[in-house]
Amino acid sequence: MNPDDFDRILISDRQIEPSSSFTRDVMLRVEAEATYRRPIPFPWLRFAAIMLVGSVLAAWLFPADSVLQAGRSMMGAIARWIVAPPDVALRNALLSLLASVAGTVMLVWLSLRLTGATR
Amino acid sequence: MTHQSDCRLRFFEQILQPDIPGCRPTSQGELVDRDQDSANQDSADVRRVLEGELQAFENIVRRWQSPLINLAFRYCRDRQRAEEMAQDAFLQIYRNLHKFRGDAAFSTWLFAVSLNLYRSFMRRKSLPVESIDTLTEIAGGQFPQLQIEQEERDDLVRRAVAGLPSQYRDAVIVFYFREMDLAETAAILGVSEGTVKAWLHRGRELLRKKLARASAASASVKEVRI
């Protein structure tokens, strides 16, 4: 065995011939891939950009003090309304509505997770 | 030292030359030297597939099925698994065809995509690559007087390559698969030619040492038995 034998051994490996159905099998998979409609991805980048611009605009239009004050008074009003509502029936109806919306959101989320959807 | 173990050691010394061969002109096989016509056909088919003509992909599959299966075979040493790996590679190529910009030859891009897939396939499936020690042990009973058939002996070395650490294994496999074309090996692996040379040297050195050590161990066991 001469010094080039290592090269010879590795360069002259067995040649495998593709099976007769190889091309057909590949094309079947490629066709399946081509016809599979991928879900339209949520435009996260655009969403983030809009949120950013919106936040900057909101901060410019509504100064922080007034927003905080409005928030505080709104939260206080809601809390007072929940504790001592002027109309108990209306409060219960609204709470039921909120609960059903939250339940629907959770069910949709769970369905997406179970079906393997990433977004 | 017995005559048998001496022969065995000489065998390993002969087949494992530590020097790295230079870039040799390629001359044979369908795997190399794709002529300009073939490159043009590849470009035309890629364009047609991207324009929505799916059947053009079949031409690409027909042209490249043999090289991709053979490259996969060098990793897994199993024909059926090699076909599975090559099928996955073609699907991956189809999915990523729009990313081929034509900076490099289509063949280089195609092999690079396939190689990435084969690497992760080897990691994921943890294929049973036999260690060099095991191989030498298996061969120990057959080697002593170099009566083993040349084909079996060669196959033993090839299987040992598949057991090298991944970067050395990739360098050795691609380098010889592309018939010792150093520049293309570097392009496929996405590293410099110097890095490929270093990996080849290290890979072969590692192989040589391990085989020599395993051979010596096997020889001493035989001496005790005698």
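Remember, it's a predicted structure, so these values are computed and weren't measured experimentally.

### Here's the deal with the overall build of chain A
Then, number 1: For chain A, the count of helices and strands is 5 helices and 0 strands.
Then, number 2: For chain A, the sequential pattern of α-helices and β-strands runs α-α-α-α-α.
Then, number 3: A burial count over chain A gives 13% of its 119 residues as buried.
Then, number 4: Per element, the accessible surface of chain A, about 9500 Å² overall, is 70% carbon and sulfur.

### Examining the interface of chain A and chain B
Then, number 1: Of the residues lining the interface, 28 residues belong to chain A; the matching set on chain B comes to 42 residues.
Then, number 2: When chain A packs against chain B, close to 3600 Å² is buried across both sides, 59% of that on carbon and sulfur atoms.
Then, number 3: At the junction of chain A with chain B, the criterion picks out 6 salt bridges.
Then, number 4: Across the pair Arg158 of chain B and Asp13 of chain A runs a salt bridge, and its minimum N-O distance is 3.5 Å.

### Focus: the packing of helix α8 (residues 166-177) of chain B against helix α9 (residues 182-189) of chain B
Geometry of a packed helix pair, given as the angle between the helix axes and the separation of the axes.
Residue and element names in this part refer to chain B.
Then, number 1: The geometry of α8 relative to α9 is characterised by a closest axis approach of 9 Å and an angle of 130 degrees between their N-to-C directions. Our classification of the angle between α8 and α9 gives oblique. Both α8 and α9 take part in a crossing whose hand is right-handed. Along its contact with α8, which presents Asp170, Ala171, Val174 and Phe175, the element α9 presents Leu182, Thr185, Ile188 and Leu189.

### Let's talk about the pattern of salt bridges
Oppositely charged side chains can pair when the atoms bearing their charge come close.
Then, number 1: The full count for this structure, using the stated rule, is 17 salt bridges over all chains.
Then, number 2: Ionic pairing is found between Asp13 of chain A and Arg77 of chain B, a salt bridge with its closest N-O pair at 2.7 Å. Of the two residues, Asp13 of chain A sits in the loop between α1 (5-11) and α2 (22-35) while Arg77 of chain B sits in the loop between α3 (56-76) and α4 (79-95), which places them in two different chains. Like Arg77 of chain B, Asp13 of chain A is buried.
Then, number 3: The partner of Asp45 of chain B in a salt bridge is Arg48 of chain B, and the shortest N-O contact between them spans 3.2 Å.

### So, the confidence of the model for chain A
Then, number 1: Per-chain confidence: chain A averages 82 in pLDDT, with 89% of residues scoring 70 or above.
Then, number 2: Least confident of the elements in chain A is α1 of chain A, whose mean pLDDT is 79; most confident is α2 of chain A, at 93.

### A few points about the nonpolar core
Residues and elements named next belong to chain B.
Then, number 1: Counting residues in hydrophobic clusters, the biggest one holds 65 residues, and the most contacted among them are Phe57, Leu68, Phe90, Ile93, Phe106 and Tyr118.
Then, number 2: Ranked by residue count, the leading element in this core is α3, at 12 residues.
Then, number 3: With sequence-adjacent residues up to four places away left out, Leu68 is seen in contact with Ala86, Ala89, Phe90, Ile93, Leu110, Phe111, Ser114 and Tyr118.

### Points about the packing of α3 of chain B against α8 of chain B
All names here are of chain B.
Then, number 1: With their axes 10 Å apart at the nearest point, α3 and α8 run at an angle of 140 degrees to one another. Here the hand of the crossing between α3 and α8 comes out right-handed. Residue-level inspection shows Pro67, Asn70, Leu71, Arg74 and Tyr75 of α3 in contact with α8, the latter providing Arg169, Asp170, Ile173, Tyr176 and Phe177.
Then, number 2: Along the lines of polarity and charge, the residues of the contact of α3 with α8 split into 6 nonpolar, 1 polar and 3 charged.

### A word on helix α2 (residues 36-50) of chain B
Residues and elements named next belong to chain B.
Then, number 1: Its 15 residues give α2 an end-to-end C-alpha distance of 21 Å, which sits within 8% of 21 Å, the value for a rise of 1.5 Å per residue.
Then, number 2: Buried residues of α2: Ser38, Asp42, Asp45, Val46 and Val49, and no others. The arc that holds the buried residues of α2, viewed along the axis, is 105 degrees, so those residues lie on one side. Turned more than 90 degrees from where α2 packs its buried face, Gln36 and Asp37 sit exposed.
Then, number 3: Backbone geometry just downstream of α2 places Gly52 in the positive-phi region, at approximately 105 degrees.

### Focus: the packing of aromatic side chains
Then, number 1: For the structure on display, the rule yields 11 aromatic pairs over all chains.
Then, number 2: When the ring of Trp44 of chain A is compared with that of Phe47 of chain A, the centres are 6.0 Å apart and the planes differ by 85 degrees; the resulting orientation is edge-to-face. Within this pair, Trp44 of chain A and its partner Phe47 of chain A are both found in helix α3 (residues 44-61), separated by 3 residues, close to a single helical turn.
Then, number 3: Residue Trp44 of chain A is classed as partly exposed on the basis of its relative accessible area of 44%.
Then, number 4: Accessibility expressed as a relative area gives 38% for Phe47 of chain A, which makes it partly exposed.
Then, number 5: Aromatic side chains Phe100 of chain B and Trp109 of chain B sit 5.4 Å apart centroid to centroid with 45 degrees between the ring planes, which places their arrangement in the tilted category. The exposure classification of Phe100 of chain B matches that of Trp109 of chain B, with both residues buried.

Conventions used here
- All residue numbers refer to positions counted from 1 along the written sequence of the respective chain.
- Naming scheme: in the order in which they are written, chains are lettered from A and ligands are numbered from 1.
- pLDDT decides what is reported in this predicted model: residues at 70 or higher carry local features, side-chain atom pairs at 80 or more are listed and counted, and totals for whole chains, interfaces and linings draw on all residues regardless.
- Computation of side-chain values covers all heavy atoms of the structure but excludes hydrogens and water.
- Note on conventions: DSSP H or I runs of at least 4 residues are helices, E runs of at least 2 residues are strands, and numbering of each starts at the N terminus.
- Residue burial is assigned from relative accessible area. The probe radius is 1.4 Å, only protein chains are included, and a residue is buried under 20% of its type maximum, exposed over 50%, and partly exposed in between.
- Here the open area of atoms and residues is found with the Shrake-Rupley method and a 1.4 Å probe, where only the protein chains shown may cover a residue.
- Only heavy atoms matter for contacts: two residues are in contact if any of them lie within 4.5 Å across the pair.
- A simple way to read buried area is as the amount of 1.4 Å-probe accessible surface that goes missing from two parts once joined, with both sides added.
- The salt bridge definition used is simple: a Lys or Arg side-chain nitrogen within 4 Å of an Asp or Glu carboxyl oxygen.
- Note on definitions: angles span 0 to 180 degrees between N-to-C directions of axes, and those axes are lines fitted to C-alpha atoms, for helices only across the stretch in contact.
- Should an angle lie under 35 degrees it is considered roughly parallel, over 145 roughly antiparallel, and from 65 to 115 roughly perpendicular; all remaining angles are considered oblique.
- For a crossing to be left-handed, the near helix must be turned anticlockwise from the far one by less than a right angle; the clockwise case is right-handed.
- Note on scores: pLDDT gives the predictor's confidence for each residue, bounded by 0 and 100.
- Here, nonpolar core refers to any group of buried Ala, Val, Leu, Ile, Met, Phe, Trp, Tyr and Cys residues whose side-chain atoms link them within 4.5 Å.
- Three classes are used, and their members are as follows: Ala, Val, Leu, Ile, Met, Phe, Trp, Tyr, Cys and Pro are nonpolar, Asp, Glu, Lys and Arg are charged, and the others, Gly among them, are polar.
- For a helix, the expected span equals 1.5 Å multiplied by the residue count minus one.
- Within this analysis, the arc is defined by the directions that extend from the helix axis to the C-beta atoms.
- Only Phe, Tyr and Trp rings are paired, with Trp represented by its six-membered ring, and only when their centres lie within 6.5 Å; those with planes under 30 degrees apart are stacked, over 60 edge-to-face, the remainder tilted.

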